[in-house]
Amino acid sequence: MILMLTVAGPLSAAEVTENESILDVIHGMRQVAMERAAVEALFDAQIAEVKGNGYWTYHEGAGNIFEHGSKIRKFGFMTKNDGTGAPVVYADLSGHCVSFAQVKYRYPDMVSRGNAPSPHSSNPTVGYVYLNEEGQMSFSFTIDKHFNPVCLVNVGFSPARTFRSPPS
């Protein structure tokens, strides 16, 4: 297993504010109630589809385009059908790159998950997590040829209450 530890370099003022609005929405994921209306309000878009796979129910919609062309391609929240796990809110990003350095600036204590991308994957990514009393933020980044994180492609948040008793 390869551990990747990368330290973000200093950012210019333009880089810090370049994707500020999308980073504000990502920060808001930590505070949103895990229910349809609150998630729609956070992403300023409606959930258009509800689907499931037997274990999870997914409530998904298409997000907005932000300043500088960053886009939330898909967003939503998911709940375990048996009620044992905490809901998870997530967003898939595309468009203009939200850089690793910008995310590291906002979440300086995020650490590598220690997962190495497969060189055979058509879309290799590497993951990082940020833990605090509210829960866990998970970040996935595209990588360069040296396996360094480059652009944010997915972010998820799971509240600190990770398990609860299933309904009787």
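On a predicted model such as this, the values are computed, not experimentally measured, just so you know. (Residues numbered from 1 in each chain as written. Predicted model: local features only at pLDDT ≥ 70, side-chain atom pairs only at ≥ 80, totals over all residues. Heavy atoms only, no water.)

### Quick look at helix α3 (residues 36-43)
Taken as a whole, α3 has its buried residues at A38, V39, E40, L42 and F43. Once α3 ends, the next one or two residues include D44, with phi positive near 50°. (Buried < 20%, exposed > 50% of the residue type's maximum accessible area, 1.4 Å probe, protein only. Helix = DSSP H or I, 4+ residues; strand = E, 2+ residues; numbered from the N terminus.)

### Describing the packing of aromatic side chains
All chains considered together, the criterion is met by seven aromatic pairs. Where F100 meets F141, the ring centres are 5.1 Å apart and the plane angle is 75°; that geometry is what we call edge-to-face. Here F141 lies in strand β7 (residues 135-143) and F100 lies in helix α4 (residues 100-106), a separation of 41 residues in the sequence. Residue classification places F100 among the buried positions, given a relative accessible area of 4%. Ring plane angle 85° and centroid distance 5.8 Å describe the contact between Y128 and F141, whose orientation is recorded as edge-to-face. Within this pair, whereas Y128 is found in strand β6 (residues 125-132), its partner F141 is found in strand β7, the two being separated by 13 residues in sequence. Using a relative accessible area of 0% as the deciding quantity, one classes F141 as buried. Aromatic rings pair up to connect F100, Y107, Y128, Y130, F139 and F141 into one cluster. (Phe/Tyr/Trp six-rings, centres within 6.5 Å; stacked < 30°, edge-to-face > 60°.)

### What to know about the pairing of β7
Among the nine residues of β7, eight are classified as buried, and the element is accordingly described as predominantly covered. For β6 and β7, the ladder comprises eight bridges, and the chain directions are antiparallel. Looking at the pairing, N132 lines up with G135 of β7. The hairpin turn running from β6 into β7, its antiparallel successor, is two residues long. Across eight bridges, β7 lies against strand β8 (residues 149-159) in antiparallel orientation. (Pairing = 2+ DSSP bridges.)

### Examining the nonpolar core
Residues I26, F43, V89, V103, M110, F139 and F141 are the most contacted members of the largest nonpolar core, which totals 35 residues. Elements with a contribution of two residues or more to this core: α2 (20-28), α3, β3 (70-80), β4 (88-95), α4, β6, β7 and β8. Excluding anything up to four places from it in sequence, M110 contacts F100, V103, K104, Y128, V129, Y130, F139 and F141. (Core = buried A, V, L, I, M, F, W, Y, C linked by side-chain atoms within 4.5 Å. Contact = heavy atoms within 4.5 Å.)

### Section: the pattern of salt bridges
Enumeration according to the criterion identifies seven salt bridges in this entry. E134 is paired through a salt bridge with R30; the nearest N and O atoms lie 2.7 Å apart. Residue E134 is found in the loop between β6 and β7, and its partner R30 is found in the loop between α2 and α3; the two are separated by 104 residues along the sequence. What makes R30 buried here is its relative accessible area of 13%. Residue E40 pairs with R36 through a salt bridge whose shortest N-O separation is 3.2 Å. One end of the pair is E40 and the other is R36, both in helix α3 and four residues apart, which spans about a single turn. Residue classification places E40 among the buried residues on the basis of a relative accessible area of 17%. A single network of salt bridges, built from pairs that share partners, joins K51, E60, R73, K74 and D92. (Salt bridge = Lys/Arg side-chain N within 4 Å of Asp/Glu carboxyl O.)

### Some thoughts on the pairing of strand β1 (residues 49-52)
Pairing of β1 with strand β2 (residues 56-61), which is carried by four bridges, proceeds in the antiparallel orientation. For K51, the partnering residue across the bridge sits in β2 and is Y58. Taken together, β1 and the strand that follows it, β2, pair antiparallel across an intervening segment of three residues, in which G54 is found at a positive phi of about 100°.

### Regarding the side chain of S21
Take S21: it is sitting in helix α2. On the accessibility criterion, S21 (19% relative accessible area) is buried.

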